[in-house]
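One letter stands for each residue in the lines below.
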Amino acid sequence: GAVVSQHPSWVICKSGTSVKIECRSLDFQATTMFWYRQFPKQSLMLMATSNEGSKATYEQGVEKDKFLINHASLTLSTLTVTSAHPEDSSFYICSAVQGNYGYTFGSGTRLTVV
Amino acid sequence: TQLLEQSPQFLSIQEGENLTVYCNSSSVFSSLQWYRQEPGEGPVLLVTVVTGGEVKKLKRLTFQFGDARKDSSLHITAAQPGDTGLYLCAGIHRSAQKLVFGQGTRLTINP
């Protein structure tokens, strides 16, 4: 089956620094990947759609300069949280679409900004 | 704006009881999915419903897609402690590929 690997699983960073999260499709090519954010005891909120070879499409209210998305290959999308602040602390999850198999999710990244 | 309204958001029942979780929207979806998520992990797909009126069963779980493809329900029969978790419905609009989630239902089954 389709597998999506997300790295790191957790990261702690200092306020003001940037953090990069990677999302890889291991056994399939994904022209489209999605990035979600999930606060404790809440559901997943779509942040942006990552398109291979083109600019990401951001949802309303998501700062594109704050959350940089790069989808440079068919198997890798990255989300960089720039100048992170404590309010950016959250669980970030990516997913990839594979043809008729639907959506496969990564295991998530717990970001803590101190 | 929450496109999918999921209810209840919290549910705590005793082992052996039945329960139903609802997912409603004013929008039409090309398909609707149900996921289960464990703490610290990504959601895992349980089922996809595509056709209006469709009913799918997964052991003690029964999923139904409304005739108008605007709503869905998840029914669990004889709930067990192992059913405890966060259940999420998610819809795919006809016009877009993106998957949008409901608020989730945090289910606790007490032994």
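Here, every reference points to the structure presented above.
No experiment lies behind these values; they were computed from the predicted model shown.

A. Up close: the state of the cysteines. All names here are of chain A. Tallied over the entire structure, the rule returns two disulfides over all chains. With its sulfur 2.0 Å from that of its partner, C23 forms a disulfide with C94. When the S-S torsion is 80°, as for the bridge of C23 with C94, the disulfide is right-handed. Of this pair, C23 sits in strand 3 (residues 19-25) while C94 is found in strand 9 (residues 90-98), placing the two residues 71 residues apart along the sequence.

B. Spotlight on the interface of chain B and chain A. Each side of the interface is counted separately: chain B has 19 residues, and chain A has 19 residues. Among the residues of chain B in contact with chain A, B:Q97, B:K98 and B:F101 are the three that bury the most area, contributing 32% of the side total. Residue B:K98 is joined to A:E59 by a salt bridge in which the shortest nitrogen-to-oxygen separation is 3.0 Å. Linking chain B to chain A there are four residue pairs in polar contact (both at pLDDT 80 or more). Elements supplying a minimum of two residues to the side of chain B that touches chain A: strand 4 (29-37), strand 9 (85-93) and strand 10 (99-101) of chain B.

C. Local environment of the sheet that holds strand 8 (residues 71-76) of chain B. Residues and elements named next belong to chain B. Pairing within the open sheet is antiparallel, and its five strands lie in the order 1-3-8-7-6. The open sheet is flanked by strand 1 (5-7) and strand 6 (55-58), the only strands paired with a single partner. Across the sheet, the mean angle from the axis of one strand to that of its neighbour is 15°, orientation sign disregarded.

D. Main features of the packing of aromatic side chains. Going through the model one piece at a time under the given rule, you end up with eight aromatic pairs over all chains. Ring geometry for A:Y36 against A:F105: centres 5.8 Å apart, planes inclined by 45°, an arrangement best described as tilted. On the criterion of sequence distance, the pair formed by A:Y36 in strand 4 (residues 32-38) and A:F105 in strand 10 (residues 102-105) is long-range, its members being 69 residues apart. Between the aromatic rings of A:Y36 and B:F101, the centroid separation amounts to 5.4 Å while the plane-to-plane angle is 85°, which identifies the pairing as edge-to-face. Here the residue A:Y36 occupies a position in strand 4, and B:F101 occupies one in strand 10, the pair thus bridging two chains. Across the pair, B:F101 and A:Y36 agree in class, each one buried. An aromatic cluster is built from A:Y36, A:F105, B:Y35 and B:F101, whose rings are joined through pairwise contacts.

E. View of the pairing of strand 5 (residues 44-49) of chain B. Residues and elements named next belong to chain B. When strand 4 meets strand 5, the two strands line up antiparallel, connected through five bridges. Paired with L32 across the strands is V49, a residue of strand 5. Linking strand 4 to strand 5, which pair antiparallel, is a turn of six residues; within it G40 sits at a positive phi near 75°.

F. Up close: empty space enclosed by the protein. Under the defined criterion, the tally for this structure stands at one cavity of 30 Å³ or more. What lines the largest cavity is A:K41, B:Q9, B:F10, B:L86, B:Q103, B:G104 and B:R106. Partitioning the lining of the largest cavity into residue classes produces two nonpolar, three polar and two charged.

G. Region of interest: the layout of surface pockets. One number sums up the size of the largest pocket: a volume of about 590 Å³. Contributing to the lining of the largest pocket are 24 residues, with A:M45, A:L46, A:E59, A:Q60 and A:V62 lying nearest its centre. Looking at the lining of the largest pocket, the elements with two or more residues in it are strand 4 and strand 5 (44-51) of chain A together with strand 10 of chain B. Top contributing element to the lining of the largest pocket by residue count: strand 5 of chain A, with four residues.

Parameters at a glance
Residues numbered from 1 in each chain as written. Chains lettered and ligands numbered in written order. Predicted model: local features only at pLDDT ≥ 70, side-chain atom pairs only at ≥ 80, totals over all residues. Heavy atoms only, no water. Disulfide = S-S within 2.5 Å. Helix = DSSP H or I, 4+ residues; strand = E, 2+ residues; numbered from the N terminus. Contact = heavy atoms within 4.5 Å. Buried area = accessible area lost by both parts, 1.4 Å probe. Salt bridge = Lys/Arg side-chain N within 4 Å of Asp/Glu carboxyl O. Polar contact = N/O pair within 3.5 Å; in protein donor to acceptor, adjacent residues only side chain to side chain. Pairing = 2+ DSSP bridges. Axes fitted to C-alpha atoms, helices over the stretch in contact; angles between N-to-C directions. Phe/Tyr/Trp six-rings, centres within 6.5 Å; stacked < 30°, edge-to-face > 60°. Buried < 20%, exposed > 50% of the residue type's maximum accessible area, 1.4 Å probe, protein only. 1 Å grid on protein atoms, 1.4 Å probe; cavity = no way out; pocket = protein on both sides within 12 Å on 5 of 7 lines; lining within 4 Å. Points joined across faces, edges and corners; volume = space filled by probe spheres on them. Nonpolar A, V, L, I, M, F, W, Y, C, P; charged D, E, K, R; others polar.

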